[in-house]
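# Analysis of the macromolecular model
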Amino acid sequence: MTWVGLIIALAGALGYALGAALQQYEAVAEGASFKLVRRPRWWIGGAIGFTGASLHAVALSFAPLVAVQPISVATLVFAVPLAAFMYGRKPYKAEIFGSIAVAVGLLWLMLLVPPHNVPPRLGDGAALGFLAVIGAIVLVTQVFAGRLHGPGRALLLSVGAGVVTASVSTFVRVVGGGMQGDWGRLLHWFTLAVPVLLVCAVVLLQRSYAVGYFGIAYAGVQVIDPITSVLAGALLLGEPLPTSSSTAIPALLASALTIGGTITLGRLAPDHSHAVTAAEPSAPVEPPGPAEPSAPTPPRPVAASSEVN
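Residues numbered from 1 in each chain as written. Predicted model: local features only at pLDDT ≥ 70, side-chain atom pairs only at ≥ 80, totals over all residues. Heavy atoms only, no water.

## Concerning the overall build of the protein
On a plain count of helices and strands, the protein comes out with 10 helices and 0 strands. When the helices and strands of the protein are read in sequence order from the N terminus, they spell out α-α-α-α-α-α-α-α-α-α. The buried share among the 309 residues of the protein stands at 43%. A separation of at least 24 residues holds for 82% of the contacts in the protein among residues at least 6 apart in sequence. (Helix = DSSP H or I, 4+ residues; strand = E, 2+ residues; numbered from the N terminus. Buried < 20%, exposed > 50% of the residue type's maximum accessible area, 1.4 Å probe, protein only. Contact = heavy atoms within 4.5 Å.)

## Some words on the pattern of salt bridges
Considering all chains together, one arrives at 3 salt bridges under this definition. Linking arginine 41 and glutamate 26 is a salt bridge whose minimum nitrogen-to-oxygen distance equals 2.8 Å. Highlighted residues: arginine 41 in helix α2 (residues 40-62) and glutamate 26 in helix α1 (residues 2-30), separated in sequence by 15 residues. According to the relative accessible area criterion, arginine 41 is partly exposed, its value standing at 37%. In the salt-bridge network here, residues are joined through shared partners; they are Glu26, Arg39 and Arg41. (Salt bridge = Lys/Arg side-chain N within 4 Å of Asp/Glu carboxyl O.)

## Re a nonpolar patch on the surface
On the surface, Ile100, Val104, Trp108, Ile249, Leu253 and Leu257 cluster together into a nonpolar patch covering about 520 Å² of accessible area. Given the relative accessible area of 34%, leucine 257 is considered partly exposed. (Patch = residues over 30% accessible without salt bridge, like charges linked within 9 Å, V, L, I, M, F, W, Y side chains within 5 Å. Areas by Shrake-Rupley, 256 points an atom, 1.4 Å probe, with all protein chains shown as cover.)

## Side note on the nonpolar core
In terms of nonpolar packing, the biggest core is built from 60 residues, with Val164, Phe171, Phe190, Tyr209, Phe214 and Tyr218 touching the most fellow members. Take this core: its biggest share by element is 10 residues, from helix α7 (residues 151-177). Other than its neighbours up to four places away in sequence, phenylalanine 171 contacts Ala127, Phe130, Leu131, Trp189, Phe190, Val194 and Leu197. Core analysis: the second largest hydrophobic core is formed by 5 residues, Leu22, Tyr25, Val28 and Met86 among them. (Core = buried A, V, L, I, M, F, W, Y, C linked by side-chain atoms within 4.5 Å.)

## Some points on the packing of helix α6 (residues 124-145) against helix α8 (residues 189-210)
In contact at an axis separation of 13 Å, α6 and α8 are set at 10° when each is read in the N-to-C sense. The angle between the axes of α6 and α8 places the two elements in the roughly parallel class. Residues Asp124, Ala127, Leu128, Leu131, Val138 and Gln142 of α6 touch α8, and the partners they reach there are Trp189, Phe190, Leu197, Leu204 and Arg207. When the residues that make up the contact of α6 with α8 are grouped by side-chain class, the tally is 8 nonpolar, 1 polar and 2 charged. (Axes fitted to C-alpha atoms, helices over the stretch in contact; angles between N-to-C directions. Parallel < 35°, antiparallel > 145°, perpendicular 65-115°, else oblique. Nonpolar A, V, L, I, M, F, W, Y, C, P; charged D, E, K, R; others polar.)

## Overview of the side chain of serine 208
Within the secondary structure layout, serine 208 lies in helix α8. Taking the relative accessible area as the measure of exposure, serine 208 reaches 0% and is therefore buried. For serine 208, the side chain forms a polar contact with the main-chain oxygen of leucine 205, separated by 2.7 Å. Among all residues touching serine 208, those that are not within four sequence positions of it are Ala154, Leu157, Ser158 and Ala217. (Polar contact = N/O pair within 3.5 Å; in protein donor to acceptor, adjacent residues only side chain to side chain.)

## A short note on the packing of aromatic side chains
Evaluation of the coordinates by the stated rule reveals 8 aromatic pairs. Relative to phenylalanine 190, the ring of tryptophan 189 lies with its centre 4.6 Å away and its plane at 75°, an arrangement referred to as edge-to-face. Relative accessible area serves as the criterion here: at 29%, tryptophan 189 is assigned to the partly exposed category. For phenylalanine 190, a relative accessible area of 5% gives the class buried. (Phe/Tyr/Trp six-rings, centres within 6.5 Å; stacked < 30°, edge-to-face > 60°.)

## Concerning helix α4 (residues 76-86)
By the burial criterion, the buried members of α4 are Leu76, Ala79, Val80, Ala83, Ala84 and Met86. The buried side chains of α4 occupy one side of the element, clustering within an arc of 155° when seen end-on. One or two steps after α4, the chain reaches glycine 88, where phi turns positive at roughly 70°. (Arc of directions from axis to C-beta.)

## Observations regarding the confidence of the model for the protein
Overall, the prediction assigns the protein a mean pLDDT of 77, with 77% of residues at 70 or greater. Across the protein, α6 holds the top mean pLDDT of 93, while helix α3 (residues 65-73) sits lowest at 68. Counting contacts from residues 274-295, a segment whose pLDDT is below 50, to residues more than four positions away or on other chains yields 3 contacts. pLDDT under 50 marks residues 302-309. Its contacts with residues more than four places away, or in other chains, come to 0 contacts. (pLDDT = per-residue confidence, 0-100.)

This is the structure we're talking about:
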């Protein structure tokens with residue numbers, strides 16, 4: 001059943017990438033505000049992304065976090081060209097190499113995690129503690145992001161979005177993987193936490209997209225989400241981590257590749273909307289040339305007055 005989950009996760013990740021590219025285009029044009037709800041393309045992107053997220057949730061019911069989460073990282077290679085296409089340009093070489101480096105590095109890192117497929121169990125106290133840590137990380141990233149601009153702001157906002165997205169995956173894994181055919185297990189506050197966390201993740205994602213650095217915002221989420229999910233799986237659900245000495249050097253190399261790709265993406269110029277405003281002139285204004293002597297103006301003839309005194 002693990003392969004079924006992986007195939008479903010790949011389909012969901014491709015949909016999520018397309019939806020993210022559509023929504024980022026609109027977020028740059030309107031900003032992360034309620035004006036987005038008036039833009040049909042933002043809703044289309046949201047619908048595609050929601051479908052991808054739903055498939056991801058289904059995949060987590062068939063396979064563990066450590067197997068499903070790395071699949072979403074591979075779509076970074078597709079998401080960046082899709083975003084470039086939205087702006088009517090070809091993707092930069094740095095975007096391609098940077099996103100490939102992040103995807104390969106993170107996939108390599110995730111593949112070092114040993115497979116594990118045991119029904120997950122999570123207590124209420126551990127779940128509340130997990131949510132408290134996630135909330136603290138979001139608060140810190142939001143505060144510091146307000147003091148930054150450019151790629152640093154996009155990266156910090158994506159960190160907050162990534163940890164919340166990971167919390168959604170963790171709770172979905174607990175609810176879906178722990179059902180074992182018993183639908184009564186859905187009657188739990190974990191099930192209600194999923195849509196609430198999902199809404200928070202969407203809001204934080206739009207804020208990171210609105211900065212304009214789609215490559216680093218998307219890469220940041222794709223890096224933070226699986227790493228946080230794997231840590232949650234190991235610390236809360238008992239899923240194993242690579243502990244042998246033979247995996248230490250490959251893990252360091254994979255981490256260096258991921259960090260290098262993220263830095264490359266962060267050095268790119270931001271995308272901007274091509275929307276034309278009313279204040280823009282319809283034609284370019286030529287700069288004034290040197291003054292030329294003009295011919296003398298002949299005197300204007302004076303018409304006879306018809307006024308009667």
